[in-house]
Amino acid sequence: VLNRATDAPFVNFTQSLAYPVPEVPNQGSIIFLAIDNYNTKWATYPNDVAGSERGVVYLNESANTGHIIRATELGADIQNAYGIVADKNGEIWIATDNGVAIIRDPYQVIQNPNSTPFIEKMRIIENGISTPLTENVQSICVDALNNKWLGTLSSGAIYVSPDGSTILKQFNMSNSPITDNRISSIAADPKSGKVYFGTQKGLSSYKTIAIEPLTDCDNITAGPNPYVIPNNNLLRIDGLVEGSSVKILTISGTLVAEFDSPGGRVANWD
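Residues numbered from 1 in each chain as written. Predicted model: local features only at pLDDT ≥ 70, side-chain atom pairs only at ≥ 80, totals over all residues. Heavy atoms only, no water.

**Description of the sheet that holds strand β24 (residues 266-269)**
- Here we have three strands laid out as an open sheet, ordered β20-β21-β24, and antiparallel in their pairing. Each having just a single partner strand, β20 (221-223) and β24 make up the two edges of the open sheet. Strand-to-strand twist in this sheet, taken as the mean axis angle between neighbours without regard to direction, amounts to 20 degrees.
- Bridge count for strand β21 (residues 235-238) against β24 is four bridges, and the pairing is antiparallel. Within β24, the position partnered with Leu 235 by the bridge is Trp 269. (Pairing = 2+ DSSP bridges. Helix = DSSP H or I, 4+ residues; strand = E, 2+ residues; numbered from the N terminus. Axes fitted to C-alpha atoms, helices over the stretch in contact; angles between N-to-C directions.)

Okay, here's the thing in C-alpha cells:
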C-alpha cells in the first residue's frame, strides 16, 4: 500500500517493511499505485501545490532499483500524472493531463537499474491517420479483454482497444446516464463485465461483454432464443474459453459465419 505523508510510503504488510520513495523531494505526495509482472512498484505523484515535483516513481526492492520519472519526461506537453495501471500484457499505462503515456517494456528498469525506460504516447488511428490523444485523463482501468477505459477531466469516459489505437465507445452526459463528465475513478468487474464510473455527482455503470473466459466449453448458451433474422439486436453466445473460434451453421451444416471470440466468456453475432 501507499502510506501518504510519511518518509517511507511504500509499505509491505506481509513482511512489515516500508521503503522510501527514490529521489522524490516531497515524499508525502504519491497516490496511485500499480505493480508489474516483475514486482516493480509504479506510483504517480500528482501534486496540487504549484511548482511541486510531479511525475512517476518506480521501486523494486529485490532488484535494488528505483528512480523518478518527471512528468515532462513522459511526453510532450505533459505536466502531471494521475492514475496508473499494469495491463494484461505487463505494460504500464499512465493517465496524464495530456493523454496517456505507455511503458511497453517495464523490464527495462531491471536491466538498466535506476534509469528512465522508453516511453511512448498513446495514439488514436482515425481515417488512416494516427494522432496522439491529448485529453486530460484522470483515471484509467483495464477490463477482462485488456481494453482500456479512460476517465477524463471534462469529456466523460473513453473506451479504447487493447493497444489504444481504436476508440470503441465514448460516454458522456449527452449520450449516456453518466452524471458528470469528470470521471474521477473507473473500475471493471471481470466476473460480470460491468464497468463502474465514479464521479463527484454519483456512480454509473455500463455492462460489457468483457467477462473472464471459462476453462471448459461445457455449457454454451445462445440467446435470445429464438433469434429471428434480420434482428436489430446481437445474438449473445455465452460460455466460451479464451481464444474460441465460433461457427454459425444452418441445420443442414452450411457455414453461415465464422469468427474469433473477443477472448472472454461472451461473443456476439450480428
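**Topic: the nonpolar core**
- Of all hydrophobic cores here, the largest spans 16 residues; its most connected members are Trp 42, Val 56, Ile 69, Leu 74, Ile 84 and Ile 94.
- Listing elements by their share of this core, those giving two or more residues are β5 (55-60), α1 (71-74), β7 (81-86), β8 (92-96) and β9 (99-103).
- Residues Trp 93, Val 100, Leu 150 and Ile 158 belong to the second largest nonpolar core, which totals 15 residues. (Core = buried A, V, L, I, M, F, W, Y, C linked by side-chain atoms within 4.5 Å. Buried < 20%, exposed > 50% of the residue type's maximum accessible area, 1.4 Å probe, protein only.)

**Things to note about the pattern of salt bridges**
- With the rule as written, the count across this model stands at seven salt bridges.
- Its salt-bridge partner being Glu 61, residue Lys 41 comes within 2.9 Å of it at the nearest N-O pair. Here the residue Lys 41 occupies a position in strand β4 (residues 41-45), and Glu 61 occupies one in the loop between β5 and β6 (65-70), the gap between them amounting to 20 residues.
- In this structure, Glu 91 engages Arg 104 in a salt bridge whose closest nitrogen and oxygen atoms are separated by 2.9 Å. With Glu 91 in the loop between β7 and β8 and Arg 104 in the loop between β9 and α2 (108-111), this residue pair connects regions lying 13 residues apart in the sequence.
- Residue class for Glu 91 comes out buried when judged on its relative accessible area of 12%.
- Within the structure, one salt-bridge network assembled from shared partners comprises Glu 91, Arg 104 and Glu 120. (Salt bridge = Lys/Arg side-chain N within 4 Å of Asp/Glu carboxyl O.)

**Section: the sheet that holds strand β3 (residues 32-35)**
- Strands sit in the order β3-β4-β5-β6 across an open sheet of four strands; the sheet is antiparallel. Because the sheet does not close on itself, it has two edges, and the strands there are β3 and β6. The average angle at which neighbouring strand axes cross in this sheet is 15 degrees, direction not considered.
- Of the strand pairs in this sheet, β3 and β4 are connected by four bridges, and their pairing is antiparallel.

**Describing the packing of aromatic side chains**
- As enumerated under the stated definition, the model contains nine aromatic pairs in all.
- With a centroid separation of 5.9 Å and an interplanar angle of 25 degrees, the aromatic rings of Trp 149 and Phe 171 are classed as stacked. Of this pair, Trp 149 sits in strand β14 (residues 148-152) while Phe 171 sits in strand β16 (residues 167-171), and the two are 22 residues apart along the sequence.
- Using a relative accessible area of 8% as the deciding quantity, one classes Phe 171 as buried.
- Ring geometry for Phe 171 against Tyr 206: centres 4.5 Å apart, planes inclined by 55 degrees, an arrangement best described as tilted. Highlighted residues: Phe 171 in strand β16 and Tyr 206 in strand β19 (residues 202-207), separated in sequence by 35 residues.
- Taken together, the ring pairs in this structure connect Trp 149, Tyr 159, Phe 171, Phe 197 and Tyr 206 into an aromatic cluster. (Phe/Tyr/Trp six-rings, centres within 6.5 Å; stacked < 30°, edge-to-face > 60°.)

**Comments concerning unusual backbone geometry**
- A cis amide bond links Gly 223 with the next residue in sequence, Pro 224, at an omega value of 5 degrees.
- The residue Pro 224 is located in the loop between β20 and β21 in this model.
- Note that the residue after Asn 225, namely Pro 226, is joined by a cis bond; omega there is 5 degrees.
- Position of Pro 226 relative to the elements: it lies in the loop between β20 and β21.
- In this structure, Ser 16 is a non-glycine residue whose phi angle is positive, near 55 degrees.
- Among the secondary structure elements, Ser 16 is positioned in the loop between β1 (10-12) and β2 (17-19).
- Unlike most non-glycine residues, Asn 127 shows phi in positive territory, near 55 degrees.

**Quick notes on the pairing of strand β15 (residues 157-160)**
- Alternating positions in β15 separate into two faces, Ala 157 and Tyr 159 on one and Ile 158 and Val 160 on the other, with burial throughout.
- Pairing analysis gives four bridges linking β14 to β15, with the strands arranged antiparallel. Counterpart to Leu 150 in the pairing with β15 is Ile 158.
- The turn linking β14 back onto β15 is made up of four residues, and Gly 156 within it adopts a positive phi angle of 75 degrees.
- Between the end of β15 and the start of β16, which pair antiparallel, lie six residues, with Gly 164 showing a positive phi angle near 85 degrees.

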